[in-house]
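So you can see what is in the structure, the chains are spelled out below.
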Amino acid sequence: MDKYPAQKDDVFPSLNLHPSYSSDDGSNRTPKFFDRFYDSSSDDDFCPSSSAAAPSISEGVENAGRRLDYMIQFLERKLSSPDHDRTRALPEFVGKGGGTGMFKVPVHASVHPGRPPSLEVRPHPLRETQIGCFLRSVVCTESQLWAGQECGVRVWNFADLYGSACGAGGVTRSGDEETAPFCESVQTPAAICLVVDEANRLVWSGHKDGKVRAWKMDQRLGDAPFTECLAWLAHRTPVLSLVMTSYGDLWSGSEGGVIKIWPWESIEKVFSLTMEERHMAALLVERSFIDLRSQVTVNGVCNILASDVKYMISDNCRAKVWSAGYQSFALWDARTRELLKVFNVDGQMENRVDISPVQDPAFDEEWKMKSVSSSKKDKLQASFGFLQRSRNAIMGAADAVRRVAAKGAFGDDSRRTEALVMTIDGMIWTGCTSGLLVQWDGNGNRLQDFHYHSFAVQCFCTFGSRIWVGYVSGTVQVLDLEGNLLGGWIAHDSPVINMTSGAGYVFTLANDGGIRGWNTTSPGPLDSILSSELAGKEFLYTRLENLKILAGTWNVGQGRASHDSLTSWLGSAASDVGIIVVGLQEVEMGAGFLAMSAAKETVGLEGSSVGQWWLDMIGRTLDEGSIFERVGSRQLAGLLIAVWVRNNIRAHVGDVDAAAVPCGFGRAIGNKGAVGLRMRVYNRIMCFVNCHFAAHLEAVNRRNADFDHVYRTMIFSRPSNLFNATTAGVSSAVQMLRSANSVEGTPELSEADMVVFLGDFNYRLDGISYDEARDFVSQRCFDWLKERDQLRAEMEAGNVFQGMREAVVRFPPTYKFERHQAGLAGYDSGEKKRIPAWCDRILYRDSRSAAVAECNLECPVVSSILQYEACMDVTDSDHKPVRCMFSVDIARVDESVRRQEFGEIIGSNKRIRHMLEELCKIPDTIVSTNNIILQNQDTSILRITNKSGKYEALFEIICEGQSTIKEGGLASDHQPRGSFGFPRWLEVNPASAIIKPDHVAEVVVHHEEFQTLEEFVDGIPQNWWCEDSRDKEVILVVKIRGKFSTETRNHRIRVRYCFAAKKLPIDSKSNSSRQAQGTVLHRSDMQRLSGSSDVVAHLRNMHSP
């Protein structure tokens, strides 16, 4: 069984992506090209028993035609003549030492070598396209994947998961060009949490505006946005958590410890309203809540904490509800709604109480008596009003301080709870900021801890007997129920903020909005087969893009440039360029400015009026707005970098981050240092770094040290001057330490696919006088001068810019000139007579690990230099501006096509289908009865036997519906409660568990006296009445599944509650002569019921349907 061990963070073995094929005699054979092209399985006799239906002829022809088109495109790329850009590329010089350590090129492959293959439901969208519509939560129904986003909800049908991208309702939207087909709701405030009600085919969502909304699963999902079927104001603050209990009630949690219950009886009543009465629906539900905080408040003192209710889960096994804040938990009885226990993260009982900000009745009464008895009634009433308002304001402020303390003061507490989940065996697991995993029993007793990763836990998901854990580092780990680590891998480049399971996948939602589906058997034997098959189809989903990048550097010497100078430098070369990168040095200097700049940096501010002038001037030169768009900039004192992108490729460029590293005066002042921008271009990471290193001829080692410091310590984050709206919708968890999923000690720059360094590096010419240098320059004898170049010598020695490339310099030294003097005669003729030097340079590193490499998914970015020149006619500074034009080939994955191929492999590969059939087998089980009769507080024992001697059986018991027994023993239609909840008179314990091979599970089915019902209005009980005294009947369904199976084998059990002791016929043939004794367990002769059809056939002889 293949695994991805994660005992050591982020260190994974490589998968065998290219297995050898063997003939019958054991010798290796070369696979035929069209074997993979036509059929993803090359061994037809591997699984002769497979009975999967063959695709239709039309589908086969369509798929074959599509693949033939891709194959022709692939062959055209292979056989075409070399690109014209390659033939005119300039020769390059490559520095030593780039193949090892932190200068090693990142490893790439057509299928990621360090993780199982995944289904890209929604490829990583660019951050700029997600402003106002970030995804925050996901949940699965039996046939759909739902996501809550900042502007509503969206839904994918599982049947369309492998489909080609067609956007929302057939309209492609920015950021979802390659997303699987989906539909969206009308716009709403941000959806924070989701919960599924399969019984009534509803999905419930809690929103930032305090409303709860209900959405129908079965509504027609067409081109138009769909609308909610019910919505009401549940809280005055955001709805932070939602859960449906084992008795069908909807619970919602909000800020300040507020928990409200929305009884199913009230919700059911609303859905039964006629069309003429629907206008009252929201008001009826809105006023039906039960406020648990007021239920446990006595004399103004509340027994639960005032921290936000961030998480809630339903313990359906024991009919309890867990609510949690960051530092505490509360345990509730789902049936009686009573508070059972309050305890902290250490498992210790909480004895502290919080004063509720609601009005104190005793306080009010005392003041009313005083005001009535006083002769100065009006003044006292005024005083009373003032004091009352003051008291409420003080208490409200105190409560706010407590909430802020819970959020802020505890924010750095490594024990803070970040996630909560219940497993099939009835255990509760919590995850902490420190990465600690804690196991609890159902009564809130802390059992044991596990620690496999040093970053904060963000979410959990359970499937079968496995626990999936998502971390802020983007890592996913898989554990068994005993807490043993089965495997782990880097699932996303950003935090994994939510997970859910369905259709045989565990879907992970990343903070960047990407959604991936991982096979529930991962890590397992399927992974290597899927990886091999996907790698073999690389030519089908590989796309090549070509892009021209213009990079320019200029030390402006605190001056300002004319429009003509900027046009000569940038405008004249921008005609067919896609991206323009500009780096300026010495935009503004002076001790006062540098000190002010350093102070601003400490509080997160940057930029200056002079820097803005340069951005505006360059923008006008490039016709910003109509042709180019500025996507990012960063200023550190006198250093400024900015990037412009041509509008026609703007949709493929984003995720812009900025960085700054000061190197001057103890690494604290920005007179020397670097500023950088990082961005995603065609899904590849590119970094551009503008540097200004130490000056003076003899400071070679300081310059080398400046580069080393910049390369090692540059950490990118979102720029403060752009895209502020984007950061507003992102959780604080993302504002984390640098690339948590990278190997410890690896610089961020080393993880990029392409890095460009530009700037005034200040390397000079050694061993030459001013006059000699002037003579060589005037004669254009640059080859001899280059031998004196400090930068080239240091690169040859591997001391700086290790492994980086520079085009051969064919232009005169760019430093130092007299301002406004044209030609080579303008070199410094003052008293100092500084020796001319190539201070201003542009270097780069792409994905190549060798001198020559073809652009493909293993080497995704290959660049060449078309121009490298200085603009000698520009005289506005003592430096000449330099520009370099790159021709960049980028290999990317067409995720839409890859997703289709993924589905094709899953559906047609016989080895995979056979393996899934074996892994997803459902064990044979027997239930002890299919008829139970209960009277007042009777108990029956239901036994479930696992007949398999090999596989564990997982069971869950739900209530399919309840009905009232009519005259003659007939039952009316069975109506389900929310999420197949039990009626309040019935207890089933445990309602879920694991049965070992050849073992028996005993389930207690108990009648609980529940003869009165309460109706709440605005949180206050208004009406009491006796429960319906007629006999009841429910249909319990025992759902049996295997360890990895998505399907279930169902056993139905009819449970009748007789209100009074009397005889009641259950089966006209076998039970007509039996007297219904409350304590008697009636069995169906231990019949083996293998499926729902068998059970239905068995029940045909019963009176009720």
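Above this text sits the structure in question.
Residues numbered from 1 in each chain as written. Predicted model: local features only at pLDDT ≥ 70, side-chain atom pairs only at ≥ 80, totals over all residues. Heavy atoms only, no water.

J.: What's the story with the environment of Trp554 in this structure? I'm lost.
T.: Checked against the element boundaries, Trp554 lands in strand S35 (residues 542–555). Taking relative accessible area as the criterion, Trp554 reaches 0% and is therefore assigned buried. Residues Trp554 and Asn690, 136 residues apart in the sequence, show an inter-C-alpha distance of 9.9 Å. Reaching out from Trp554, the side chain makes a polar contact with the backbone oxygen of His879 at a distance of 3.0 Å. (Helix = DSSP H or I, 4+ residues; strand = E, 2+ residues; numbered from the N terminus. Buried < 20%, exposed > 50% of the residue type's maximum accessible area, 1.4 Å probe, protein only. Polar contact = N/O pair within 3.5 Å; in protein donor to acceptor, adjacent residues only side chain to side chain.)

J.: So what exactly am I meant to see when it comes to the environment of Val755 here?
T.: Note on placement: Val755 falls in strand S42 (residues 754–760). Residue classification places Val755 among the buried positions, given a relative accessible area of 1%. For the pair Val755 and Ser847, spaced 92 residues apart in sequence, the C-alpha separation works out to 9.4 Å. Apart from residues lying up to four places away in sequence, Val755 is in contact with Cys687, Leu749, Met804, Leu843, Tyr844 and Arg845. (Contact = heavy atoms within 4.5 Å.)

J.: I would appreciate a short explanation of the nonpolar core in the present structure.
T.: It is characteristic of soluble globular proteins that their nonpolar side chains tend to be buried jointly. If you look at the biggest cluster of nonpolar residues, it comprises 53 residues, and the most contacted ones within it are Ile579 and Phe886. Among the elements that take part in this core, strand S46 (residues 882–893) stands out by supplying five residues, more than any other. Residues within four places of Ile579 in sequence aside, it is in contact with Leu547, Lys548, Ile549, Leu550, Val643, Trp644, Val645, Ile649, Val653 and Val681. (Core = buried A, V, L, I, M, F, W, Y, C linked by side-chain atoms within 4.5 Å.)

J.: Whenever I open this one, the pattern of salt bridges confuses me. Can you help?
T.: Two side chains of opposite charge can pair, provided their charged atoms sit close to one another. For the coordinates displayed, the defined rule picks out 48 salt bridges. Its salt-bridge partner being Asp209, residue Arg213 comes within 3.3 Å of it at the nearest N-O pair. Salt-bridge contacts for Asp655 lead to Arg680; the nearest nitrogen and oxygen are separated by 3.2 Å. Here Asp655 is found in strand S39 (residues 653–663), whereas its partner Arg680 is found in strand S40 (residues 669–681), with 25 residues between them in sequence. Given a relative accessible area of 10%, Asp655 falls into the buried group. One connected set of salt bridges, linked through shared partners, spans Arg122, Arg154, Arg173, Asp176 and Glu184. (Salt bridge = Lys/Arg side-chain N within 4 Å of Asp/Glu carboxyl O.)

J.: Could you clarify how one ought to interpret helix H9 (residues 526–536) in this entry?
T.: Side chains of residues three or four places apart in an α-helix project in the same direction, reflecting 3.6 residues per turn. In terms of burial, H9 is largely enclosed, as 10 of its 11 residues are buried. Here H9 has its buried residues at Leu526, Asp527, Ile529, Leu530, Ser531, Ser532, Glu533, Leu534, Ala535 and Gly536.

J.: Explanation requested: the packing of H9 against helix H20 (residues 895–908) in the structure shown.
T.: If you want to describe how two helices pack, look at the angle between their axes and the distance between the axes. Following both chains from N to C, one finds H9 and H20 inclined at 130°, their axes separated by 10 Å at the closest point. If you check the angle between H9 and H20, you find them oblique. Crossing hand, H9 versus H20: right-handed. Facing Leu530, Glu533 and Leu534 of H9, the residues of H20 in contact are Arg898, Phe902, Ile905 and Ile906. Here the contact of H9 with H20 is composed, by residue class, of five nonpolar, no polar and two charged. (Axes fitted to C-alpha atoms, helices over the stretch in contact; angles between N-to-C directions. Parallel < 35°, antiparallel > 145°, perpendicular 65-115°, else oblique. Left-handed = near helix turned anticlockwise from the far one by under 90°. Nonpolar A, V, L, I, M, F, W, Y, C, P; charged D, E, K, R; others polar.)

J.: For this particular structure, what's the right way to read the sheet that holds strand S12 (residues 230–233)?
T.: Within a sheet, neighbouring strands are paired by backbone hydrogen bonds and run either parallel or antiparallel to one another. Read across the sheet, four strands follow the order S9-S10-S11-S12 without closing on themselves; strand pairing throughout is antiparallel. Each of the sheet's edge strands pairs with one partner strand only, and the pair in question is strand S9 (191–197) and S12. Taking the axes of each pair of neighbouring strands and ignoring which way they run, one obtains an average angle of 15° across the sheet. Here five bridges tie strand S10 (residues 202–207) to strand S11 (residues 211–216), and the two strands are oriented antiparallel to one another. Of the residues in S11, the one forming a bridge with Ser205 is Arg213. (Pairing = 2+ DSSP bridges.)

J.: Explanation requested: H20 in the structure shown.
T.: Here H20 spans 20 Å end to end across 14 residues, near enough to the 20 Å set by a 1.5 Å rise per residue. The buried fraction of H20 is high, at 11 of 14 residues. Of all the residues in H20, the buried ones are Glu895, Ser896, Val897, Arg898, Arg899, Gln900, Glu901, Phe902, Gly903, Ile905 and Ile906. (Expected span 1.5 Å × (residues − 1).)

J.: So what exactly am I meant to see when it comes to unusual backbone geometry here?
T.: A negative phi angle is the norm for most residues apart from glycine, just as the trans form is the norm for most peptide bonds. Here the bond from Ser522 into Pro523 is cis, since omega is -10°, no more than 30 degrees from zero. Inspection of the secondary structure puts Pro523 in the loop between strand S34 (515–519) and H9. With omega at -5°, the peptide bond leading from Asn989 into Pro990 counts as cis. Turning to its location among the elements, Pro990 is positioned in the loop between strand S51 (986–989) and strand S52 (992–995). Although it is not a glycine, His820 sits at a positive phi angle of roughly 60°. Relative to the helices and strands, His820 resides in the loop between strand S43 (805–807) and strand S44 (840–845). Of note in the backbone geometry, Phe980 takes a positive phi value of approximately 55° without being a glycine.

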